[in-house]
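The residues making up each chain are set out below.
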Amino acid sequence: MYTQAMDTGPKEERKAIRSAEEAELERRFDARIDDAGFIEAKDWMPEHYRRTLVRQISQHAHSEIVGMLPEGNWVTRAPTLKRKCILLAKIQDEGGHGLYLYAAAETLGVSRDELLDALHSGKAKYSSIFNYPTLTWADIGVIGWLVDGAAIMNQVPLTRCSYAPYARAMVRICREESFHQRQGFDALNVMMREGTDAQRAMVQDAVNRWWWPSLMMFGPPDAESTHSAQSARWGIKRISNDDLRQKFVDATVQQAQVLGVTVPDPLLKWSEERGHFDYGPIDWAEFWRVVGGNGPCNRERLAARVKAWDDGAWVRDAALAHARKQAIKKEAA
Amino acid sequence: MSNETHRNEWPLWEVFVRPKAGLDHKHCGSLHAPDATMAVQMAREVYTRRQEGCSVWVVPSSAITASDPGDKDMLFDPMEDKVYRHPTFYELPDEVNHM
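Residues numbered from 1 in each chain as written. Chains lettered and ligands numbered in written order. Predicted model: local features only at pLDDT ≥ 70, side-chain atom pairs only at ≥ 80, totals over all residues. Heavy atoms only, no water.

**Student:** So, the overall build of chain B: which residues are in play, and what are the values?
**Tutor:** Along its length, chain B carries three helices and three strands. Moving toward the C terminus, one meets the helices and strands of chain B in the order α-β-β-α-β-α. Relative to the globule expectation of 13 Å for 99 residues, the C-alpha radius of gyration of chain B, 22 Å, shows a markedly less compact shape. Each of the three principal axes of chain B carries a C-alpha extent, and together these read 70 × 35 × 15 Å. Out of the 99 residues belonging to chain B, those deemed buried represent 24%. Counting every atom, chain B has about 7,400 Å² of accessible surface; 56% of that belongs to carbon and sulfur. Across chain B, the mean location of the 10 positive side-chain charges is 10 Å away from that of the 16 negative side-chain charges. (Helix = DSSP H or I, 4+ residues; strand = E, 2+ residues; numbered from the N terminus. Rg over C-alpha atoms; globule rule 2.2 N^0.38 Å. Buried < 20%, exposed > 50% of the residue type's maximum accessible area, 1.4 Å probe, protein only. Areas by Shrake-Rupley, 256 points an atom, 1.4 Å probe, with all protein chains shown as cover. Lys, Arg positive; Asp, Glu negative; His and termini not counted. Charge placed at Lys NZ, Arg CZ, Asp CG, Glu CD.)

Next comes the structure, spelled out in structure tokens:
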């Protein structure tokens, strides 16, 4: 999977509390959160908490589903049967992750059709990383290593999210995700160790193109993050965007050295004082341009997704018509 | 949401998986499917891609009756003070305490 810190939705105002009874319910809700307790689907929850979760979980689900597209591009062109099997398994996982997450969102009282409508109409966002093209086979390895690696950093804290159906989905996803990152690194490692100079250059080129978009996956800097404080209060977000980004940089720079590639950041350097790698400024104008719909592949991705949904409509309708017919037959017998 | 889209959404099923022979089926999530046969097939694809199970149950979500979370105190708290239901409540002489 794939989240970017999902605070790219519209800013919502909290409604004033209406009654004493509701105030008491909210007090108990807050107490349970403070106690590191879990909230289940049928429990009382503030409307703003519910809406925040619907937005975040559905954006996360959409990201899984749209994330299948840049990789699907390479199924027929994977270099060996082994790599083709691995890629198919990974893409199937992404589809599965999307389904776990849609199901978690639906426990909050929103329908699958409503969620998909929001994606297909462009109203809902998905991780902007998928609006970049996969130009070479090395891009598929780099997506596993960097993009899934960043996603794992984002997702592990979500297994302790206060909303239990989301947390349970994330446990399952994180368990499956590790293979995605490892297979990516492995594919790149084979090219770096056994490949030609041209193949090694291809890996470096892919790293150069995906490095900065991967850092953007953690979302805007903490100072500009609109939803972070409330989400932290509610136990939805446990570690800040900048802290996760730093953790990712520290882990990844060492992996790049093992791989034998460089990171395209002239300002990257170990800071003895901080005990972390310093890194150069991120081009947030590019991030907002892509989130706003003007990345290299936004239109293509959404069009492919809508076409798949529309082309499958007759199958869904036929399956449902068949099921209804069988049910009537059974009743008559 | 229009009635038209709602009418065409596949019904929701709850999925239970038995991890291996000898263990209980355990609830692991839900999915949409047009009928029971398809629900079993899809449960296999969605929830057992890594041999997580050897048997699957699917149940229409609408067929499940659940206790009301609002009744939690009334239903479950009365058991809190019935410590005599547990074997550790009874202090026996050392010689027979393995009983």
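**Student:** Quick one: what's the story with the interface of chain A and chain B, residue by residue and with numbers?
**Tutor:** Taken together, the contacts link 24 residues of chain A with 21 residues of chain B. Here chain A and chain B share an interface that buries about 1,900 Å² over both sides, 50% of which is from carbon and sulfur atoms. It is A:D113, A:R172 and A:L320 in chain A that bury the most area against chain B; as a group they hold 24% of the surface buried on that side. Joining chain A to chain B, the criterion identifies four salt bridges. The interface formed by chain A and chain B includes eleven residue pairs in polar contact (both at pLDDT 80 or more). Going through the elements one at a time, α4 (81–106), α5 (112–120), α7 (164–194) and α13 (313–332) of chain A are the ones with two or more residues in the side of chain A that touches chain B. (Contact = heavy atoms within 4.5 Å. Buried area = accessible area lost by both parts, 1.4 Å probe. Salt bridge = Lys/Arg side-chain N within 4 Å of Asp/Glu carboxyl O. Polar contact = N/O pair within 3.5 Å; in protein donor to acceptor, adjacent residues only side chain to side chain.)

**Student:** How would you sum up helix α8 (residues 197–216) of chain A? Please name residues and give values.
**Tutor:** All names here are of chain A. When the terminal C-alpha atoms of α8 are compared, their 30 Å separation across 20 residues agrees well with the 28 Å that a helix rising 1.5 Å per residue should span. For α8, the full list of buried residues reads V203, Q204, A206, V207, W210, W211, W212, P213, S214, L215 and M216. Of the surrounding secondary structure, the elements contacted by the buried residues of α8 are α6 (137–155), α7, α10 (241–259) and α11 (284–294). (Expected span 1.5 Å × (residues − 1).)

**Student:** Before we move on, could you go through the nonpolar core and cite the residues and values that matter?
**Tutor:** Core analysis: the largest hydrophobic core is formed by 89 residues, its most contacted members being A:Y49, A:L53, A:I57, A:Y163, A:Y166 and A:W210. At eleven residues, the largest contribution of residues to this core is made by α6(A). (Core = buried A, V, L, I, M, F, W, Y, C linked by side-chain atoms within 4.5 Å.)

**Student:** Quick rundown of helix α1 (residues 20–34) of chain A? Include the residues and the values.
**Tutor:** Residues and elements named next belong to chain A. With 15 residues, α1 extends 21 Å between its outermost C-alpha atoms, agreeing within 8% with the 21 Å of an ideal straight helix rising 1.5 Å per residue. What α1 keeps buried is the set E26, F29, D30 and I33. What you see down the axis of α1 is that its buried residues fit within an arc of 100°, all on one side. Along α1, exposed side chains directed more than 90 degrees from the buried face belong to A20, E21 and R28. Buried residues along α1 sit against α2 (47–66) and α9 (228–233). Trailing α1 by a residue or two, A36 shows a phi angle of about 60°, which is positive. (Arc of directions from axis to C-beta.)

**Student:** Explain the pattern of salt bridges residue by residue, including any values.
**Tutor:** Note that side chains of opposite charge can pair when their charged atoms are close. Residues and elements named next belong to chain A. Applying the stated rule across the entire model yields 26 salt bridges over all chains. Across the pair R233 and D30 runs a salt bridge, and its minimum N-O distance is 3.7 Å. Remark: D30 occurs in helix α1 and R233 occurs in helix α9; sequence separation between them is 203 residues. Residue classification places R233 among the partly exposed residues on the basis of a relative accessible area of 33%. Here D139 makes a salt bridge to R209, at a shortest N to O gap of 2.8 Å. Residue D139 is located in helix α6, and its partner R209 is located in helix α8; the two are separated by 70 residues in the primary sequence. We classify D139 as buried; its relative accessible area is 0%.

**Student:** Explain the packing of aromatic side chains to me, using residue names and the numbers behind them.
**Tutor:** All names here are of chain A. Following the criterion strictly, the structure yields 14 aromatic pairs over all chains and no others. Both rings, one in W145 and one in F185, keep their centres 5.9 Å apart while their planes meet at 75°; by these two values the pair is edge-to-face. Separated by 40 residues along the polypeptide, W145 in helix α6 and F185 in helix α7 bring together distant segments of the chain. For W145, a relative accessible area of 2% puts it in the buried group. On the basis of relative accessibility, which here comes to 21%, the residue F185 falls in the partly exposed class. Judged by centre distance (5.2 Å) and plane angle (85°), the ring pair of W284 and F287 falls under edge-to-face. Of this pair, W284 and F287 both sit in helix α11, three residues apart, which is roughly one turn of that helix. Taken as a pair, W284 and F287 share a single burial class, namely buried. (Phe/Tyr/Trp six-rings, centres within 6.5 Å; stacked < 30°, edge-to-face > 60°.)

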